[in-house]
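This is what each chain is made of:
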Amino acid sequence: VSVAHTRSAAIIGGGVIGGGWAARFLLSGWNVTIVDPDPQVQQKVAEVLDNARRSLPLLADVAMPVEGSLHYMDSVAAAVVDADWIQESVPERLADKHKVYAIIQQHAKPDAIIGSSTSGYTPSQLREGATFPERIVVAHPFNPVYLLPLIELVAGDKADAEVVNAAQAILLSIGMRPLLVRAEIDAHIADRFLEAVWREALWLIKDGIATTAEIDDAIRFGFGLRWAQMGLFETCRIAGGEAGMAHFIAQFGPCLSSPWTKLMDVPELTGELVEQISRQSDQQSGQYSIRELERIRDDNLVGILRALKTQDWGAGRFLREHDERLGSRLEVGSPTDDYNKPLRLFSGHVLPAWIDYNGHMTEAQYLSLCSTLSDKLLDMIGAGLDYVAAGYSYYTAETHIMHRDEAKSGETLSGTTQVLALDNKRLHIFHVIRAGQGDGRVVATAEQMLLHVDVAAGKACDAPASVLSRARPIAEAHARLVRPAAVGRAVGQR
Ligand SMILES: NC(=O)c1ccc[n+]([C@@H]2O[C@H](COP(=O)([O-])OP(=O)(O)OC[C@H]3O[C@@H](n4cnc5c(N)ncnc54)[C@H](O)[C@@H]3O)[C@@H](O)[C@H]2O)c1
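Described in the following lines is the structure provided in the data block. (Residues numbered from 1 in each chain as written. Predicted model: local features only at pLDDT ≥ 70, side-chain atom pairs only at ≥ 80, totals over all residues. Heavy atoms only, no water.)

1. Structural notes on the overall build of the protein chain
Right, on to step 1. For the protein chain, the helix and strand inventory stands at 16 helices and 14 strands.
Right, on to step 2. Taking the principal axes of its C-alpha atoms as reference, the protein chain extends roughly 80 × 60 × 45 Å.
Right, on to step 3. Going through the 494 residues of the protein chain one by one, you find that 41% of them count as buried.
Right, on to step 4. The contacts of the protein chain with a sequence gap of at least 6 include a subset with a gap of at least 24, amounting to 70%.
Right, on to step 5. Here the protein chain has roughly 26000 Å² of accessible surface; of this, 56% comes from carbon and sulfur atoms. (Helix = DSSP H or I, 4+ residues; strand = E, 2+ residues; numbered from the N terminus. Buried < 20%, exposed > 50% of the residue type's maximum accessible area, 1.4 Å probe, protein only. Contact = heavy atoms within 4.5 Å. Areas by Shrake-Rupley, 256 points an atom, 1.4 Å probe, with all protein chains shown as cover.)

See the structure below:
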């Protein structure tokens, strides 16, 4: 399904969830309209957008789309006329949702999809009395909508395959991971867990067994970390060991009949219990404002998601795949046969994830760019990844980076590499990173000594003729170039 033409979203209800949807669409390049009778809506959405702008781009290793436009509308009718996706996020009252759908379906384009953020209602309930029932689906997100990828997509018993396919394609295009829920049930899948855990937590507090802080510690120092990366069953599988899931169930199954859980009973939410929970929560977290907590949460989520991305696992693998849908990782310039100047091996944008607390490209990223340049050069001389797989490689023995200027987010950078010297074992190179397409100010230079090694022996050894014969013409041509003044510099030299 092509989503190239679907670039306009209408957000009905701009609260916590609607604001998150607006941010998700805007930062994915969509134009957005919002309608909400609350006079504070612009302020509320602006705060969510602030949070989204400082966190979501940190997940990407490619340039994000240019942000779309945002317009506040006075009526649902005006908001939906041009929309390809309409996301209803009004409070959880069925009658209110029905009223909103009736107006939407009078004014929306016939092929517009209506997603509902409902936490509890089924598609059949939402569709009661609708003019075009099949165009309404549950698209249940998780707070913060701009960071968490999961969407429970429930199309119900009367699902229309075309609507489901189009909905999935659109959700994927804005970096969300649709989980197609097969059956229509109250509260879909994920909130059933949250409800079960919530009931247990209420009992633990009511019975005086644990405080809010102790319950949170029981989650965040232990199984919460396991769940974030493997979920429930894959974790249990490991616990079962080589004997597998059946063994795990045999081992822990009998516990199910012991009274570990109070799951089916709900403690009465008396004023006393509510007061007790609030007091404990104030003690636990009262030193932070909600805004501070949101930012701490977002920073932690970015850290966890980026770690999973490095591991190419779970939600991290999904983020990597989303990068691939958005574009190639780095636009690496193609090396020319012109050896009469330094080789231009890299050109790309400074990504938000490369920026530190000063707003400049972070130190480690310079070394990472140097590695990109060296890898490209090694590729050119026949010492790329295949060569490494065969047991030989060039290892970096020494690096000297000079920071000459600052690079800011979004700026174009390009990198060149000059071969200073080559012998059987050593490859001595000099990188220059400049702003712009190779013509701008010098941002950094780096001198590196690479050693040819036999990986298994862990020792330097002569490079083979196949590599040297490709490297030599470059080294000979580069020997005629001006030797950069910074070569051989020591730290602290004036
Ligand atoms: N809060 C969560 O964690 C969460 C998570 C997933 C899904 N949801 C679902 O999202 C929906 C919205 O929840 P929320 O937490 O954002 O609530 P909220 O109260 O923060 O926001 C609802 C907004 O809708 C506006 N509104 C009310 N009637 C409207 C109308 N007729 N037209 C336009 N706007 C209208 C309100 O002014 C308010 O700003 C609910 O269906 C809820 O079940 C909530």
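2. Comments concerning the pairing of strand 11 (residues 412-422)
Right, on to step 1. In this structure, strand 9 (residues 343-349) lies alongside strand 11, joined through 6 bridges in antiparallel fashion. Looking at strand 11, one finds that Phe 346 is bridged to Gly 415.
Right, on to step 2. Pairing of strand 11 with strand 12 (residues 426-435) involves 9 bridges; the strand directions are antiparallel. If you follow Leu 422 over to strand 12, its bridge partner there is Leu 427.
Right, on to step 3. Counting the residues in the hairpin turn of strand 11 and strand 12 gives 3 residues. (Pairing = 2+ DSSP bridges.)

3. What to know about the site of the ligand
Right, on to step 1. Taken together, 22 residues lie near the ligand, and Ile 17, Asp 36, Glu 92, Lys 97 and Ser 119 sit nearest.
Right, on to step 2. Within the backbone of Val 16, an N or O atom sits 3.3 Å from an oxygen atom of the ligand.
Right, on to step 3. If the ligand stood free it would expose 830 Å²; the protein chains cover 72% of that surface.
Right, on to step 4. Breaking the shell around the ligand down by element, the ones donating at least two residues are helix 1 (16-27) and helix 4 (94-107).
Right, on to step 5. Of the residues belonging to the shell around the ligand, the class tally is 9 nonpolar, 8 polar and 5 charged. (Near = heavy atom within 4 Å. Polar contact = N/O pair within 3.5 Å; in protein donor to acceptor, adjacent residues only side chain to side chain. Nonpolar A, V, L, I, M, F, W, Y, C, P; charged D, E, K, R; others polar.)

4. Description of the side chain of Ser 89
Right, on to step 1. Of note, Ser 89 is situated in the loop between strand 4 (85-88) and helix 4.
Right, on to step 2. Only 2.8 Å separates the side chain of Ser 89 from the side chain of Ser 117, close enough to count as a polar contact.

5. What about the packing of aromatic side chains?
Right, on to step 1. Evaluation of the coordinates by the stated rule reveals 4 aromatic pairs.
Right, on to step 2. Taking 5.9 Å as the distance between ring centres and 25 degrees as the angle between the ring planes, the aromatic pair formed by Trp 21 and Phe 25 counts as stacked. Residue Trp 21 and its partner Phe 25 are both found in helix 1; the two are separated by 4 residues, about one turn of the helix.
Right, on to step 3. On the basis of relative accessible area, Trp 21 is assigned to the buried category, the value being 0%.
Right, on to step 4. Their ring planes at 55 degrees and their centres at 4.9 Å tell us that Phe 25 and Trp 30 sit as a pair that is tilted. (Phe/Tyr/Trp six-rings, centres within 6.5 Å; stacked < 30°, edge-to-face > 60°.)

6. Focus: empty space enclosed by the protein
Right, on to step 1. In total, this model carries 3 cavities of 30 Å³ or more according to the counting rule given.
Right, on to step 2. The computed volume of the largest cavity comes to approximately 170 Å³.
Right, on to step 3. Considering the residues around the largest cavity, the lining is formed by 18 residues, among which Arg 24, Leu 56, Met 64, Gly 175 and His 322 are closest to the centre.
Right, on to step 4. Looking at which element gives the most residues to the lining of the largest cavity, the answer is helix 13 (residues 314-326), with 5 residues.
Right, on to step 5. Along the lines of polarity and charge, the residues of the lining of the largest cavity split into 12 nonpolar, 4 polar and 2 charged. (1 Å grid on protein atoms, 1.4 Å probe; cavity = no way out; pocket = protein on both sides within 12 Å on 5 of 7 lines; lining within 4 Å. Points joined across faces, edges and corners; volume = space filled by probe spheres on them.)

7. Things to note about unusual backbone geometry
Right, on to step 1. In the segment running from Asn 143 into Pro 144, the intervening peptide bond is cis, with an omega of 0 degrees.
Right, on to step 2. For Ala 187, which is not a glycine, the phi torsion comes out positive at approximately 70 degrees.
Right, on to step 3. By the element assignment, Ala 187 lies in the loop between strand 8 (177-181) and helix 7 (190-206).
Right, on to step 4. The phi dihedral of Asp 312 is positive, around 50 degrees, even though this residue is not glycine.
Right, on to step 5. Within the secondary structure layout, Asp 312 lies in the loop between helix 12 (290-310) and helix 13.

8. As for the pattern of salt bridges
For side chains of opposite charge, pairing can occur when their charged atoms come near one another.
Right, on to step 1. With the rule as written, the count across this model stands at 24 salt bridges.
Right, on to step 2. Between Glu 92 and Lys 97 there is a salt bridge; the shortest N-O distance is 3.6 Å.
Right, on to step 3. By relative accessible area, Glu 92 is classed as partly exposed at 36%.
Right, on to step 4. Between Asp 312 and Arg 320 there is a salt bridge whose closest N-O contact spans 3.0 Å.
Right, on to step 5. Among the residues examined, Asp 312 registers a relative accessible area of 23% and is labelled partly exposed.
Right, on to step 6. Counted as one network, the salt bridges with shared partners bring together Asp 61, Arg 306, Lys 309 and Asp 323. (Salt bridge = Lys/Arg side-chain N within 4 Å of Asp/Glu carboxyl O.)

9. Notes on the layout of surface pockets
Right, on to step 1. Of the volumes computed, that of the second largest pocket is approximately 340 Å³.
Right, on to step 2. As for the second largest pocket, its lining consists of 19 residues, of which Ser 371, Ser 374, Asp 375, Lys 376 and Leu 378 are closest to the centre.
Right, on to step 3. Breaking the lining of the second largest pocket down by element, the ones donating at least two residues are helix 14 (363-380), helix 15 (385-389), strand 10 (392-403) and strand 13 (442-454).
Right, on to step 4. Of the residues forming the lining of the second largest pocket, the biggest block, 8 residues, is contributed by helix 14.

10. Some words on the nonpolar core
Right, on to step 1. Trp 21, Phe 25, Trp 85 and Ile 113 are the most contacted members of the largest nonpolar core, which has 40 residues in total.
Right, on to step 2. Contributions of two or more residues to this core are made by strand 1 (8-12), helix 1, strand 2 (31-35), helix 2 (41-55), strand 6 (136-140), strand 7 (150-154), helix 6 (161-173) and helix 12.
Right, on to step 3. Apart from residues no more than four positions distant in its own chain, Trp 85 is found in contact with Ser 8, Ala 9, Ala 10, Phe 25, Trp 30, Ile 113, Gly 115, Ala 139, Ala 167, Ile 170 and Leu 171. (Core = buried A, V, L, I, M, F, W, Y, C linked by side-chain atoms within 4.5 Å.)

11. Examining the sheet that holds strand 1
Right, on to step 1. Read from one edge of the open sheet, 8 strands run 3-2-1-4-5-6-7-8, paired in mixed fashion. Where the open sheet ends on each side, the last strands, each with one partner, are strand 3 (70-73) and strand 8. In this sheet, neighbouring strand axes are inclined to one another by 25 degrees on average, regardless of whether the strands run parallel or antiparallel.
Right, on to step 2. Pairing of strand 7 with strand 8 involves 5 bridges; the strand directions are parallel. Each bridged residue has a counterpart across the sheet, and for Ile 151 the counterpart in strand 8 is Pro 178. (Axes fitted to C-alpha atoms, helices over the stretch in contact; angles between N-to-C directions.)

12. Regarding a nonpolar patch on the surface
Right, on to step 1. A surface patch of nonpolar side chains, about 690 Å² in accessible area, is lined by Ile 189, Phe 193, Leu 194, Val 197, Trp 227, Leu 232 and Phe 233.
Right, on to step 2. Tracing the backbone shows Phe 233 in helix 9 (residues 233-240). (Patch = residues over 30% accessible without salt bridge, like charges linked within 9 Å, V, L, I, M, F, W, Y side chains within 5 Å.)

13. What to know about the packing of helix 7 against helix 11 (residues 271-285)
Right, on to step 1. At their nearest, the axes of helix 7 and helix 11 sit 10 Å apart, and the two run at 90 degrees to each other. One way to sum up the angle between helix 7 and helix 11 is to call them roughly perpendicular. Across the interface between the two elements, Leu 202, Ile 205 and Lys 206 of helix 7 pack against Leu 273, Gln 276, Ile 277 and Gln 280 of helix 11.
Right, on to step 2. Residue composition of the contact of helix 7 with helix 11, by class: 4 nonpolar, 2 polar and 1 charged. (Parallel < 35°, antiparallel > 145°, perpendicular 65-115°, else oblique.)

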